[in-house]
Amino acid sequence: MEVEMKIRGLMMDPVTNMPIVILKDIGGNTVLPIWVGVYEANAIALEIEKVSTPRPMTHDLIKSLLMGLNTALRKVVVSELKDDTFYAVIWLDRDGELISVDSRPSDALALALRLDCPIYVEEAVLKSSSKAATTADKAANNEELRRWLEGLNDEDLGRYKM
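Residues numbered from 1 in each chain as written. Predicted model: local features only at pLDDT ≥ 70, side-chain atom pairs only at ≥ 80, totals over all residues. Heavy atoms only, no water.

Participant: Sorry, what's going on with the side chain of Arg-114 here?
Facilitator: Tracing the sequence through the fold places Arg-114 in helix 3 (residues 105-115). We classify Arg-114 as buried; its relative accessible area is 7%. Engagement of the side chain of Arg-114 in a polar contact is seen with the side chain of Asp-60, the distance being 2.8 Å. Separated by 3.1 Å, the side chain of Arg-114 and the backbone oxygen of Ala-110 make a polar contact. For Arg-114, the contacting residues outside a window of four places in its chain are Ala-43, Leu-46, Glu-47, His-59, Asp-60 and Lys-63. (Helix = DSSP H or I, 4+ residues; strand = E, 2+ residues; numbered from the N terminus. Buried < 20%, exposed > 50% of the residue type's maximum accessible area, 1.4 Å probe, protein only. Polar contact = N/O pair within 3.5 Å; in protein donor to acceptor, adjacent residues only side chain to side chain. Contact = heavy atoms within 4.5 Å.)

The structure is reproduced here in structure tokens:
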């Protein structure tokens, strides 16, 4: 089963100094942090902040290609968590035919923002992520981070700085 989520914000991991995309489910308090690369975070941040660039960035180019090919982006799904790596699927619709495309979550999220389509996370991923957060050797750090992430407010997320 898929759970609809929204991008709640972007922030820097205070421990690793890596960007984190914060997803939050629409109907509750489930939070899913996904660590991403700096360039991927920048692509997401540009769209969140509605910053236009003088030349199309990669995700803007993909948006233009899809529109030119009369192909709609129906949804993106964070579909799997395996060996601490998240996987995603982009669902396209061309002339009534659904096409699935394997993707990194960061790219799928950047496209979802640009094309205003829903973001989902498989329930199994949320459960698996929750289990990973309570593994014995990581329990204290991850549980503390999870509580901190769930307690974030708008001021904490603020504007994303690279």
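What follows picks up the thread again.
Participant: What exactly am I supposed to notice about a nonpolar patch on the surface here?
Facilitator: Together, Leu-61, Leu-65 and Leu-69 make up a nonpolar patch on the protein surface, roughly 280 Å² of accessible area in all. Turning to its location among the elements, Leu-65 is positioned in helix 2 (residues 58-68). (Patch = residues over 30% accessible without salt bridge, like charges linked within 9 Å, V, L, I, M, F, W, Y side chains within 5 Å. Areas by Shrake-Rupley, 256 points an atom, 1.4 Å probe, with all protein chains shown as cover. Salt bridge = Lys/Arg side-chain N within 4 Å of Asp/Glu carboxyl O.)

Participant: What am I meant to see in the sheet that holds strand 3 (residues 31-35) here?
Facilitator: Sheets are built from strands that pair by backbone hydrogen bonding, the pairs being arranged parallel or antiparallel. A sheet is described by the order of its strands in space; here seven strands give the open sequence 3-2-1-7-4-5-6, paired in mixed fashion. Both edges of this open sheet fall to strand 3 and strand 6 (97-103), since each of them pairs with a single strand only. The mean inter-strand angle of the sheet, taken between neighbouring strand axes irrespective of direction, is 35 degrees. With seven bridges connecting them, strand 1 (residues 2-12) and strand 2 (residues 19-25) associate as antiparallel partners. Residue pairing for strand 2: Ile-7 is matched across the bridge by Leu-23. (Pairing = 2+ DSSP bridges. Axes fitted to C-alpha atoms, helices over the stretch in contact; angles between N-to-C directions.)

Participant: Would you mind showing me how to read the packing of helix 2 against helix 3 here?
Facilitator: Helix packing for two helices is described by the angle between their axes and how far apart those axes are. Running from N to C, helix 2 and helix 3 cross one another at 60 degrees; their axes reach a closest spacing of 10 Å. Viewed along their axes, helix 2 and helix 3 adopt a mutual orientation that is oblique. The hand of the helix 2/helix 3 crossing is right-handed. Residue-level inspection shows His-59, Asp-60, Ile-62, Lys-63 and Leu-66 of helix 2 in contact with helix 3, the latter providing Asp-107, Ala-110, Leu-111, Arg-114 and Leu-115. Class assignment of the residues belonging to the contact of helix 2 with helix 3 gives a composition of five nonpolar, one polar and four charged. (Parallel < 35°, antiparallel > 145°, perpendicular 65-115°, else oblique. Left-handed = near helix turned anticlockwise from the far one by under 90°. Nonpolar A, V, L, I, M, F, W, Y, C, P; charged D, E, K, R; others polar.)

Participant: How should unusual backbone geometry be read in this particular structure?
Facilitator: In terms of backbone geometry, most residues other than glycine have negative phi values and most peptide bonds are trans. Here Asp-83, not a glycine, exhibits a phi torsion of approximately 55 degrees, which is positive. Tracing the backbone through its elements, the reader meets Asp-83 in the loop between strand 4 (71-82) and strand 5 (85-94). A residue is classified by how much of its surface remains accessible, and Asp-83, at 73% relative accessible area, is exposed. Notably, Asp-84 is not glycine yet its phi reads approximately 65 degrees, a positive angle. Relative to the helices and strands, Asp-84 is located in the loop between strand 4 and strand 5. Of the residues examined, Asp-84 reaches a relative accessible area of 59% and is grouped as exposed.

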